[in-house]
Each structure stands twice: as C-alpha cells, then as structure tokens.
Amino acid sequence: MTRCIAAVAALVTPCAAFAQDSVMVPYGGGNPTPVAQAPADTGDSPEDIAKDAARDLKDSRFYNKPGATRAQYDADWQRCRLIARGSRTPAGMVPYYYNPAVISPLAAGIGGGLGGLLGAAIAEGQQRRANRRACLLIGGWRMVEVPNAEQARVAAMTDADRSAYFDTIVGAKDVKGEVTERTSFSLAADPALALDAPVAGSPTVFAGKKIDPKAPILLGPDEGLVVVAFRRPDAGSAGRTGQFMMARYDVTARDRVYQPRDWKKKGDKTTYAMTAKSADKKAPYEVQVLRMTAGDYVIDSSATGSLVPATTNCFGAPTFHVGAGETVYLGDFIPFWNVKTASGAVSALAWAPHLEEARTALATAQPTLASAMKTATWRNRATYACAGLTMDRFDLPGVEALPEPALQGATAAAATS
C-alpha cells in the first residue's frame, strides 16, 4: 500500500495554499561577506557516513528509491543529516549565519542550535530525525514500513547477508510493505475552497498604520512597492486573519541574506524581512501596499488565524524580484480556517492571482500606482539555510524552477578538468 504525504505548504491547482505553522526567525539583508560556494568537507569518511546512514536501514523500516545505489543513499542521507542539524543549506553550502564575524548577533543567533525558541526543539533528536526524513522524501526517497513476516526474515539474517540485502533493496523497484512518499505538493481542487468566488462590499487599501492610503508614496532610490490582497469570499475565510513572511534572498549563494553586524553604524535601511499580515479581518477585500528594498525575496512561511508559524519552505520556496521604482503584485491570499473538504479539514493561507481585481481596488486610493502595477515573475525551488522547527518545500503551480547555480572557483575548474 502506498500513501502520499500532502505538503504542509499545499497547492490547489491552478491556485495554491501557503504553508501553515511556520516560526518567525531573524532575517537579514545588506551585503555580508560571501562564504565559499563549494560544498564544504565535513571530515566524515565514507565508512563513517555509511555507518551512520545504516541507522535508517532496519528490518522494520528502510528508505528506497528505484534505481538508486547504496552509495547514493549514503550520500543523500549525509546531506539531509547536515541540513537537519542546521550546518548546511540544501544547496550544500555553509549557511551565512555560520560567520558571526560579519552577521549581526540577532541573525547569527539562529546558527548552531538555530537559536532561542527553535534551539531546544531542533536539538532534540526526534525533531532532527523528522526533518531528515522530510529531506529524504522531498529528494525522491520512499520510506517503506516492512510487514511482520518480512521483518522476521531480515532480522534472522547474518550481518553480511543483511548488508547485502540493503545494498539491493534501497534501489529495488518493487518492495513489500507500506510506502510513504512525497509525489505531490498539491491539494486536490475542492468546491469548498472558494479561491475565485467574487467578494461583496467595498475594498479597503492599507499603506501602514496611521497612514492615509491616498497620500502620495515617495520611494527612495533603491525601493519598490509590493502589493498583496487579502481576500475573504465565503464563510470559510470570513473574519479570518492571515500572514506570510518574505525574506531577502541571494540567488547566487542560494541562501537568505542576513543583517550585517555593522548595520546600525552604517545606517543600513535594507529590508531584511517583511511580514504581510491582514490588517482588517472584517474587510472582504483588503489591498496592502508594502515598501521594500529592491531585490530578490522568498516566501518562507505563513499562517492563518492565531497560530504561530513553525514551518520554513527551505527545501524549495517561491521567489520573486522587485526592482527600484516598480510596483509588483504578488497575488490574492485567502485565509481559510477549518474548511471541510473531500480530503479533510483545511486551514491554510491560499493563493490565487486576480490582478485586475486588485488593480481596480488599488485605484480607489492610488490610481497612478494601480496603472503601473505588474504581476510578479515567480520562480520555484529557491533553497536556503533551514532555520525553522519544521522544514518543507512549497511550489507555485505552473512556475518554472530557478536554474541551477553556476559552479564557482575551484569547483568549476574541477568540473571542467
């Protein structure tokens, strides 16, 4: 029997639902000193890695990917182990926060034990194992729970026979037992999720606390505007709040960009992170205008209702770019709460594109911005250091992935020699 784990950051084709239960962590911006872009050597020997990886090859449970070798399993297991403990990014690099000499204490605090609230939970082996498991499943491995009779057969093998058995079974096409895999990051479309239903009532425009939404917005030389809408078309979203975190992103380094240690001394006003949070839960359609430093950002986390975010999309997040002087529309966000669907109750911040509706609403307060507004260009699969209690991946449907990063320095030379 095969069962698929639905992504926490679930999608609804052709729209999407953002991750539920993510933890807010310190983020940064600016221009910290680059770290090496070649995967760092941990010093672990192949024998040590194979011995550690064998801990997840048991008579009762093992990982499997049709066509894979035991060496490939060992390498992927080691990669996921390092990511789960916070010492490597999914791209294989040392996270920026491992260089506290150039990163502010606030940002560096999420390194090592991943800091404060996260530290105790991540330090626990159970949470690390859960994130290592998520990493392997997202990477295409399947977890197989073995029937009792097969468990007994494997348990009776000699050490040599058992090792040979696992050498073969990790890449076998057909396996016995219950298979858990990640084959989709989507929720089935459901009539109960009214992503495109019309909204009633007059729209509201929000440009910040105690700011007249009709007042001219004057941008700095390196600033742009991001426009988001919170949509409440039905009983499942009416009166609900939602929020999502945008984090500054370095496309080349494949990591978030953190606050420099000397940011205050230099008067650095870079946008390090931005939370878009619904301001009026009674409004059926609420448009927000957010001023941000030009650059690249990822959607790292989100939540609906009063839940505290706890999942980071570090294994693959949507990323977008806002340029200086641009007004970029990200989409409509629908805060569903405990909506009964064919596959169970859904509480999630859903996404749907309604550019012209958002433009019409924005024009009631900012007609010039509304006419200049354009849709964001999205790319999936932005990976970065995993600084969250639960680690996952979230894709927007129909969106291309970021191209693989170019090899640099000695790594590039070795690849071409």
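Report on the accompanying structure. (Residues numbered from 1 in each chain as written. Predicted model: local features only at pLDDT ≥ 70, side-chain atom pairs only at ≥ 80, totals over all residues. Heavy atoms only, no water.)

1. As for the state of the cysteines
Disulfide: a covalent bond connecting the sulfur atoms of a pair of cysteines. Overall, the coordinates contain 2 disulfides when judged by the stated rule. Cys80 shares a disulfide with Cys135; S-S distance 2.1 Å. Disulfide Cys80 to Cys135: torsion about the S-S bond roughly -70°, handedness left-handed. Pair noted here: Cys80 is in helix H2 (residues 70–84) and Cys135 is in helix H5 (residues 125–138), with a separation of 55 residues, a long-range link. One disulfide in the model links Cys314 with Cys386; its S-S distance is 2.0 Å. In this structure the cystine formed by Cys314 and Cys386 twists about its S-S bond by roughly 95°; its chirality is therefore right-handed. (Disulfide = S-S within 2.5 Å. Helix = DSSP H or I, 4+ residues; strand = E, 2+ residues; numbered from the N terminus.)

2. Some thoughts on the nonpolar core
Core analysis: the largest hydrophobic core is formed by 37 residues, its most contacted members being Phe62, Tyr73, Trp141, Tyr165, Phe166, Val298 and Phe315. Where this core is concerned, the elements lending two or more residues are strand S4 (61–64), H2, H5, strand S5 (142–145), helix H7 (159–169) and strand S10 (242–250). Excluding residues within four positions of it along the chain, Trp141 makes contact with Tyr63, Asn64, Lys65, Ala68, Thr69, Gln72, Tyr73, Asp76, Leu136 and Val170. Core analysis: the next-biggest nonpolar cluster, separate from the first, contains 22 residues, Leu290, Ile299, Val322 and Trp378 among them. (Core = buried A, V, L, I, M, F, W, Y, C linked by side-chain atoms within 4.5 Å. Buried < 20%, exposed > 50% of the residue type's maximum accessible area, 1.4 Å probe, protein only. Contact = heavy atoms within 4.5 Å.)

3. With respect to a positive patch on the surface
A cluster of basic residues, Lys58, Arg85, Arg128 and Arg129, forms a positive patch on the protein surface. Turning to its location among the elements, Arg129 is positioned in helix H5. (Patch = residues over 30% accessible without salt bridge, like charges linked within 9 Å, V, L, I, M, F, W, Y side chains within 5 Å. Areas by Shrake-Rupley, 256 points an atom, 1.4 Å probe, with all protein chains shown as cover. Salt bridge = Lys/Arg side-chain N within 4 Å of Asp/Glu carboxyl O. Lys, Arg positive; Asp, Glu negative; His and termini not counted. Charge placed at Lys NZ, Arg CZ, Asp CG, Glu CD.)

4. Let's talk about the packing of aromatic side chains
Across all of its chains, the model carries 10 aromatic pairs by this definition. Relative to Trp141, the ring of Tyr73 has its centre 5.5 Å away and its plane inclined at 70°; by these criteria the two rings are edge-to-face. Linking Tyr73 in helix H2 with Trp141 in the loop between H5 and S5, this pair joins segments that are 68 residues apart in sequence. For Tyr73, a relative accessible area of 0% translates into the label buried. Ring centres of Trp263 and Tyr272 lie 6.2 Å apart, and the angle between their planes is 80°; on these two criteria the pair is classed as edge-to-face. Look at Trp263 and you get partly exposed, because its relative accessible area is 28%. With relative accessibility at 12%, the residue Tyr272 sits in the buried group. An aromatic cluster of at least three residues, connected via ring pairs, comprises Phe62, Tyr165 and Phe166. (Phe/Tyr/Trp six-rings, centres within 6.5 Å; stacked < 30°, edge-to-face > 60°.)

5. A closer look at the environment of Asp44
Topologically, Asp44 is positioned in the loop between strand S3 (15–18) and helix H1 (46–53). Residue class for Asp44 comes out partly exposed when judged on its relative accessible area of 28%. Separated by 34 residues in sequence, Asp44 and Gln78 place their C-alpha atoms 9.4 Å apart. Excluding residues that lie within four positions of it along the chain, Asp44 makes contacts with Ile49, Gln78 and Arg81.

6. A short note on helix H8 (residues 355–363)
Turning to H8, its buried residues are Ala358, Arg359, Ala361 and Leu362. Projection of H8 onto a plane perpendicular to its axis shows the buried side chains occupying an angular sector of 165°, all on one side. Lining the buried residues of H8 we find strand S8 (204–206), strand S9 (223–231), strand S13 (285–293), strand S17 (327–341) and helix H9 (367–372). (Arc of directions from axis to C-beta.)

7. Remarks on the environment of Leu82
With respect to the helices, strands and loops of the structure, Leu82 is situated in helix H2. A relative accessible area of 6% places Leu82 in the buried class. A sequence separation of 12 residues divides Leu82 from Val94, and the C-alpha atoms of the two residues are 9.9 Å apart.

8. Considerations on the side chain of Thr319
Checked against the element boundaries, Thr319 lands in strand S16 (residues 317–322). Its relative accessible area of 4% is what places Thr319 among the buried residues. Among the polar contacts listed, one links the side chain of Thr319 to the backbone oxygen of Tyr297, at a separation of 2.8 Å. Those residues in contact with Thr319 that sit more than four places away from it in its chain are Tyr249, Asp296, Tyr297, Val298, Thr377, Trp378, Arg379, Ala382 and Leu402. (Polar contact = N/O pair within 3.5 Å; in protein donor to acceptor, adjacent residues only side chain to side chain.)

9. Some thoughts on the pattern of salt bridges
Applying the stated criterion to the full structure yields 17 salt bridges. The partner of Glu223 in a salt bridge is Arg291, with the nearest N and O atoms 3.2 Å apart. Of this pair, Glu223 sits in strand S9 while Arg291 sits in strand S13, placing them 68 residues apart in sequence. Taking relative accessible area as the criterion, Glu223 reaches 22% and is therefore assigned partly exposed. With a relative accessible area of 37%, Arg291 lands in the partly exposed category. A network of salt bridges, in which partner residues are shared, links Asp56, Arg61 and Arg132.

10. Here's the deal with the environment of Leu193
The topology assignment puts Leu193 in the loop between strand S7 (186–187) and S8. For the pair Leu193 and Ile334, spaced 141 residues apart in the sequence, the C-alpha separation amounts to 9.2 Å.

11. Section: the layout of surface pockets
Considering only enclosed or pocket space, the second largest pocket measures out at about 290 Å³ in volume. Of all the secondary-structure elements, those providing two or more residues to the lining of the second largest pocket are strand S12 (273–277) and S13. Tallied by class, residues from the lining of the second largest pocket come to 13 nonpolar, 5 polar and 3 charged. (1 Å grid on protein atoms, 1.4 Å probe; cavity = no way out; pocket = protein on both sides within 12 Å on 5 of 7 lines; lining within 4 Å. Points joined across faces, edges and corners; volume = space filled by probe spheres on them. Nonpolar A, V, L, I, M, F, W, Y, C, P; charged D, E, K, R; others polar.)

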